[in-house]
Amino acid sequence: MPDRKPRATARAGEEPAPDSFFRDLVWSLRNGVLAVERDGTVAVMNRVAYQILGLQPRPSDIGRPFTEVLKEQQEVCRIVSAGFELSHLPNRAELRLKSTGKVIGYTLSQVRDRRGQVTGATLFFKDLTRVEQLEERERLRDRLAALGEMAAAIAHEVKNPLAGIEVMAGLLKRQLADSADAQSILGDIIKEAKMANAIVVEVLDFVRPIRLQVERVSVADAIRDALSLSEAHVTRGDVRVDVDCPDHLPLIQGDTHQLRQIFTNLLTNAYEALGAQGQVRIHASAINEEGPAGGEPQGPMVQVDVSDNGPGIPLEVVDRIFSPFFTTKPQGSGLGLAIVRKIVDAHDGRIDVGLADGGGTRFRVTLPVTGNHLLFGLDPAAAVPDRARTAKRASRR
Ligand SMILES: Nc1ncnc2c1ncn2[C@@H]1O[C@H](COP(=O)(O)OP(=O)(O)OP(=O)(O)O)[C@@H](O)[C@H]1O
Ligand SMILES: [Mg+2]
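Reading the values: rules and limits
- Residues numbered from 1 in each chain as written.
- Chains lettered and ligands numbered in written order.
- Predicted model: local features only at pLDDT ≥ 70, side-chain atom pairs only at ≥ 80, totals over all residues.
- Near = placed C-beta within 6 Å.
- Helix = DSSP H or I, 4+ residues; strand = E, 2+ residues; numbered from the N terminus.
- Nonpolar A, V, L, I, M, F, W, Y, C, P; charged D, E, K, R; others polar.
- Buried ≥ 20, exposed ≤ 12 C-beta atoms within 10 Å, placed from the backbone.
- Axes fitted to C-alpha atoms, helices over the stretch in contact; angles between N-to-C directions.
- Parallel < 35°, antiparallel > 145°, perpendicular 65-115°, else oblique.
- Left-handed = near helix turned anticlockwise from the far one by under 90°.
- Contact = placed C-beta atoms within 7 Å.

Trainee: Account for the site of ligand 1, with residues named and values stated.
Mentor: In the vicinity of ligand 1 lie 20 residues, with N269, A273, T327, G332 and G336 positioned nearest. Taken together, the elements giving at least two residues each to the shell around ligand 1 come down to α8 (256–274) and α9 (336–346). At four residues, the largest contribution of residues to the shell around ligand 1 is made by α8. Looking at the shell around ligand 1 residue by residue, the classes come out as eight nonpolar, 10 polar and two charged.

Below is the structure:
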């Protein structure tokens, strides 16, 4: 900020305090601030503004035309220019920045001198990306809760007739022991009924509220267990698995059993995508998330990437892979990733999917060392199955 008048609070005889207090104040604000003078030069741009706009702070930016400083942020330039033209200025408006993908909430104001002449424009803004993600998560939870109730009701109704079919087919099988044809058909009926029943059990488990048994757990141990568990679900074949887990990884407050389930499901999917040929890489690291610009720090986290060099996930389906029952596999129930997401949510963590280096899929699970699930109790909408998956897979083989 350019130096202006000395601070009015300086006492007589004292060295007048420089303008540094106001400079520090603006620089330290937790909102982004960008002020532009009438001639189009940048008058003020604070730390959070640089952070949100994805720019490196440079003192030389002050005094330069804002269109040059913000040449990658054309949409911000347009808004600031409007500050000199519009009579109704946007208040609490939102915008997605193309350059960083961040969503910002902003208010545009004019700076007027004592005669009422417009001498500048100011943009106050905040990073709303995390708020957006939380809202999306809320919406998803609501959807899942409604879907879960319906699925539970249907599953409950279907369970008994299915058990009846299985028992009666078994009886018939014994009575028609001499007919090879009947044996084969009844064998198929029993197999199908068992599979349908396993899916029903899985659905019921899925909608059951989660009960986390929280303790201090090692994510590295959960990964190790998941490696052997996933091999019991699907043939790993010639898939090479590289695990890179540093020794100093902090323990996290979590449920070992559920954490194991996260990595088992991710590994199972990776093996299935690879079809017994390829490579899986698990990379765990401790990170300290700063949080969104201007927001609260997120604190220490453990981040685990599970990447494969398989075919990847087509763009047109990537938005749906976490939805329950979405599957592209003939034998899939589509609950694997929905369960993973529920467990991650219950731990107050995050899961993202992206491209792995060199192609394939990368799932990134980020878990807080101490999550809000401990501070605010459990999410009643979250549910977690486990046993059923093993049962279903066993029955498929
Ligand atoms: N590593 C991966 N590579 C490519 N596609 C994947 C990968 N992981 C998941 N997918 C896609 O996401 C879909 C949903 O996965 P999810 O685990 O929820 O269900 P599923 O594996 O199909 O069935 P289930 O896990 O219930 O047996 C999969 O059908 C697949 O299309
Ligand atoms: Mg799966």
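Trainee: So what's going on with unusual backbone geometry? Which residues, and what values?
Mentor: Phi at A276 takes a positive value of approximately 70°, unusual for a residue other than glycine. Following the sequence through the fold, A276 ends up in the loop between α8 and β9 (277–289). Overall, A276 belongs to the exposed group, with 12 C-beta atoms counted inside 10 Å. Phi angles above zero are rare outside glycine, and F325 is one such case at about 75°. Inspection of the secondary structure puts F325 in the loop between β10 (299–308) and α9. Since 15 C-beta atoms lie within 10 Å of it, F325 is described here as partly exposed.

Trainee: An account of the packing of helix α7 (residues 219–233) against α8 is needed here, citing residue identities and associated values.
Mentor: Contact geometry of α7 with α8 gives a least axis separation of 7 Å together with a crossing angle of 50°. One way to sum up the angle between α7 and α8 is to call them oblique. With respect to the hand of their crossing, α7 and α8 are arranged in right-handed fashion. Every residue of α8 that contacts α7 at V219, A222, I223, D225, A226, L227, L229, S230 and H233 is listed here: T256, L259, R260, F263, T264, L267, T268 and Y271.

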